[in-house]
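Examination of the molecular architecture
The primary structure of each chain is shown beneath.
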Amino acid sequence: MLEQWLPWLDMAGIAVFAASGALVASRKEMDAVGFVLLACVTGFGGGTLRDLLLGNTPVFWLRAPEVVGVAAAAGLLVFFIAHRVENRFRALLWADAVGLSLFAVAGAEIALEAGAAPWAAVLLGVVTATFGGIIRDVISNEVPLILRREIYVTAAAAGAAGFVMLTQAGLWREPAFALGVLTCLLIRALALLRGWSLPAYKGRPGREHPDR
Amino acid sequence: MLEQWLPWLDMAGIAVFAASGALVASRKEMDAVGFVLLACVTGFGGGTLRDLLLGNTPVFWLRAPEVVGVAAAAGLLVFFIAHRVENRFRALLWADAVGLSLFAVAGAEIALEAGAAPWAAVLLGVVTATFGGIIRDVISNEVPLILRREIYVTAAAAGAAGFVMLTQAGLWREPAFALGVLTCLLIRALALLRGWSLPAYKGRPGREHPDR
Amino acid sequence: MLEQWLPWLDMAGIAVFAASGALVASRKEMDAVGFVLLACVTGFGGGTLRDLLLGNTPVFWLRAPEVVGVAAAAGLLVFFIAHRVENRFRALLWADAVGLSLFAVAGAEIALEAGAAPWAAVLLGVVTATFGGIIRDVISNEVPLILRREIYVTAAAAGAAGFVMLTQAGLWREPAFALGVLTCLLIRALALLRGWSLPAYKGRPGREHPDR
């Protein structure tokens with residue numbers, strides 16, 4: 001069952017992350033080729049790093065033209081309809097949240113299948129989910145989402161860890177996958193809607209010099 | 001024929017990209033070791049990512065001391081002569097343009113030889129051509145050239161795609177290589193000289209909140 | 001002998017680099033998960049790139065849970081005690097300096113064992129020592145330490161080159177290792193304490209346009 005669904009869920013994650021990359025391109029007023037480039041970098045970044053770390057080369061998108069087509073199409077679609085979106089940064093945050101949830105669990109699943117230990121599968125899930133967004137923001141000179149206050153990496157870790165623990169406990173992989181994705185999405189959604197954040201480190205005011 | 005020329009063309013691309021990295025180092029007023037580091041990162045970055053994505057390891061420069069020597073020499077040369085250059089940012093743009101053209105086509109050629117499909121070879125050409133400049137600009141806190149208005153990625157894509165299509169159509173690889181490089185260089189040169197750009201996405205003025 | 005010590009020295013390097021990453025997280029007022037993420041990225045970044053360049057996959061930390069535990073523990077420790085540190089940026093510079101020294105030599109040693117040529121081992125030592133700090137600073141929007149005036153890359157290169165030359169000259173690897181680490185640490189310490197820097201490139205004042 002999951003063997004059939006996984007490619008589609010992965011493709012859906014690539015499409016929404018690609019759209020988030022294209023939305024950043026729209027904030028930077030790039031041209032259509034720039035939209036497609038940022039869409040591909042964001043959609044493929046996390047899975048590419050996962051494949052490289054595992055030694056799983058050539059990386060997945062060099063073996064899957066349909067995946068490149070989906071990311072490019074998502075980028076072009078955003079190029080033509082982004083002006084209709086009322087609040088593009090809000091749309092970017094939500095596309096990123098859906099991609100984060102799908103990739104955290106799909107990344108962990110792919111790592112488990114490649115023979116990684118459970119704890120390593122959770123880490124690779126987090127890497128897959130967060131790295132595409134990080135390079136999207138670094139390349140385009142935006143403040144990375146992971147540096148913002150709202151819970152972000154924690155949501156990805158919770159989704160990946162939930163999925164891995166449930167499968168290790170003997171649950172079928174399909175419901176475990178669904179529960180992992182929903183866990184991550186719920187946490188991230190509450191973080192976005194209610195500004196949820198974990199207690200942050202606070203320096204002693206007035207004691208820190210900016211550059212010493 | 002191309003087997004004989006390709007290493008020299010690749011070396012020429014590394015030398016001009018390395019020079020562009022050293023020119024950025026001069027804008028940051030780094031010391032000589034910093035010049036060599038940025039020269040190597042810029043000269044090797046694109047080809048390194050291409051090798052990693054293909055699983056072609058150890059990466060090329062670990063097997064080619066002469067290539068490291070060329071990049072280091074280009075970095076040191078710029079360290080000693082950059083103060084004579086009237087406009088270092090202009091020199092940087094042109095060195096980058098020549099490197100972009102050579103690497104777009106050489107990257108596609110190397111990918112084809114490694115057995116990549118034609119569409120994947122075009123993508124790898126673009127990756128090889130653009131990534132060195134991206135990490136040069138990201139590491140040194142400059143606005144990446146791909147975020148500027150003038151046509152950039154499009155030129156690399158046109159050069160790589162032109163070369164791949166001509167070889168697939170049966171043309172000898174030598175003239176196909178030359179035509180691909182000239183196509184990319186011509187487009188990029190016109191973009192630089194005349195400020196050519198593709199139609200960019202424009203948000204609705206006054207509707208976008210900077211951070212929502 | 002060195003076979004026994006190397007894993008511990010490597011672990012010590014990971015711990016101090018991880019602490020430097022967590023200190024950056026404290027400057028950004030991130031939450032505990034952010035501390036652990038930046039600790040892991042900084043502690044593993046250099047060695048990960050070294051493994052990828054050599055084709056040594058899966059990368060080391062996917063095969064070593066104890067290493068992940070050490071980095072995460074260093075990140076959490078800093079989360080709880082950073083407010084007691086009088087000057088966190090100063091602590092960051094010193095943790096980075098110790099990690100730089102250990103990784104420059106350990107990276108060169110691992111490259112030699114993997115069969116790399118001496119010159120390539122020096123380069124891989126520099127890459128291992130500097131890359132973790134570079135991605136720490138790039139991800140968290142800080143000015144990379146390599147862009148600051150004080151000698152940095154040069155210290156790593158001196159330590160790695162010293163170690164490689166001494167072993168090639170026939171010295172036992174244990175004293176060569178110690179001398180390499182002390183060379184790098186001494187140079188970097190003098191750079192930090194006395195503001196040592198190499199002669200930097202200086203543009204002609206008033207001739208350079210900021211963006212042309």
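The name an unreviewed UniProt entry assigns to chain A is Putative membrane protein YeiH, from the organism Roseococcus suduntuyensis. Its UniProt record gives chain A a comment under Subcellular location (unreviewed entry), which states: "Cell membrane". Regarding chain A, the UniProt comment filed under Sequence similarities (unreviewed entry) reads as follows: "Belongs to the UPF0126 family."

**With respect to the side chain of Thr128(C)**
All names here are of chain C. Among the secondary structure elements, Thr 128 is positioned in helix α5 (residues 118–139). Judged by its relative accessible area of 2%, Thr 128 falls in the buried class. Not counting chain neighbours up to four residues away, the residues in contact with Thr 128 comprise Gly 46, Gly 47, Arg 50, Phe 103 and Gly 107.

**Notes on the state of the cysteines**
Following the criterion strictly, the structure yields 0 disulfides over all chains and no others. Sulfur of Cys40(B): no disulfide; nearest cysteine sulfur belongs to Cys184(C) and is 18 Å away. On the basis of relative accessibility, which here comes to 14%, the residue Cys40(B) falls in the buried class. Using a relative accessible area of 0% as the deciding quantity, one classes Cys184(C) as buried.

**Details of the confidence of the model for chain A**
Regions with low pLDDT carry predicted coordinates that are not meant to be interpreted in detail. Looking at chain A, the pLDDT average stands at 84 and 91% of residues meet or exceed 70. Per-element confidence in chain A ranges from a low mean pLDDT of 85 for helix α1 (residues 2–27) of chain A to a high of 92 for helix α6 (residues 153–168) of chain A.

**Observations concerning the UniProt feature "transmembrane region" (unreviewed entry) in chain A**
Residue and element names in this part refer to chain A. Listed under "transmembrane region" (unreviewed entry) in the UniProt record, and renumbered for this structure, are residues 6–25, 32–49, 61–81, 93–112, 118–139, 151–171 and 177–197. The straight-line gap between the two end C-alpha atoms of residues 61–81 is 26 Å; of that span, 81% is helix and 0% is strand. Between the end C-alpha atoms of residues 177–197 the distance is 25 Å, and the span holds 86% helix and 0% strand.

**As for the UniProt feature "domain: Glycine transporter" (unreviewed entry) in chain A**
Taking the UniProt record as the reference, the feature "domain: Glycine transporter" (unreviewed entry) is found at residues 8–82 and 93–166 of chain A. In this annotation, residues 8–82 of chain A is assigned 80% helix and 0% strand; the end-to-end C-alpha distance for the span is 25 Å.

**Side note on helix α2 (residues 32–54) of chain C**
Residue and element names in this part refer to chain C. Across its 23 residues, α2 extends 33 Å between first and last C-alpha, which sits within 8% of the 33 Å expected from 1.5 Å per residue. Most of α2 is tucked away: 19 of the 23 residues are buried. The distance from a side-chain oxygen at the start of α2 to the backbone nitrogen of Val 33 is 3.2 Å, and the residue carrying that oxygen is Asp 31. Residue Gly 55 follows α2 closely and has a positive phi angle near 80°.

**Observations regarding unusual backbone geometry**
Here the bond from Thr57(A) into Pro58(A) is cis, since omega is -5°, no more than 30 degrees from zero. With respect to the element layout, Pro58(A) can be found in the loop between α2 (32–54) and α3 (65–81). In this model, Glu29(B) sits at a positive phi of 55°, which is unusual for a non-glycine residue. Note that Glu29(B) resides in the loop between α1 (2–27) and α2 (32–54).

**A word on the side chain of Ser140(B)**
Turning to its location among the elements, Ser140(B) is positioned in the loop between α5 (118–139) and α6 (153–168). Setting aside residues no more than four positions away along its own chain, Ser140(B) makes contact with Val24(B), Lys28(B), Leu38(B) and Leu147(C).

The rules we used
- Residues numbered from 1 in each chain as written.
- Chains lettered and ligands numbered in written order.
- Predicted model: local features only at pLDDT ≥ 70, side-chain atom pairs only at ≥ 80, totals over all residues.
- Heavy atoms only, no water.
- UniProt positions renumbered as here; feature names shortened; annotations may be inferred.
- Helix = DSSP H or I, 4+ residues; strand = E, 2+ residues; numbered from the N terminus.
- Buried < 20%, exposed > 50% of the residue type's maximum accessible area, 1.4 Å probe, protein only.
- Contact = heavy atoms within 4.5 Å.
- Disulfide = S-S within 2.5 Å.
- pLDDT = per-residue confidence, 0-100.
- Expected span 1.5 Å × (residues − 1).
- Polar contact = N/O pair within 3.5 Å; in protein donor to acceptor, adjacent residues only side chain to side chain.

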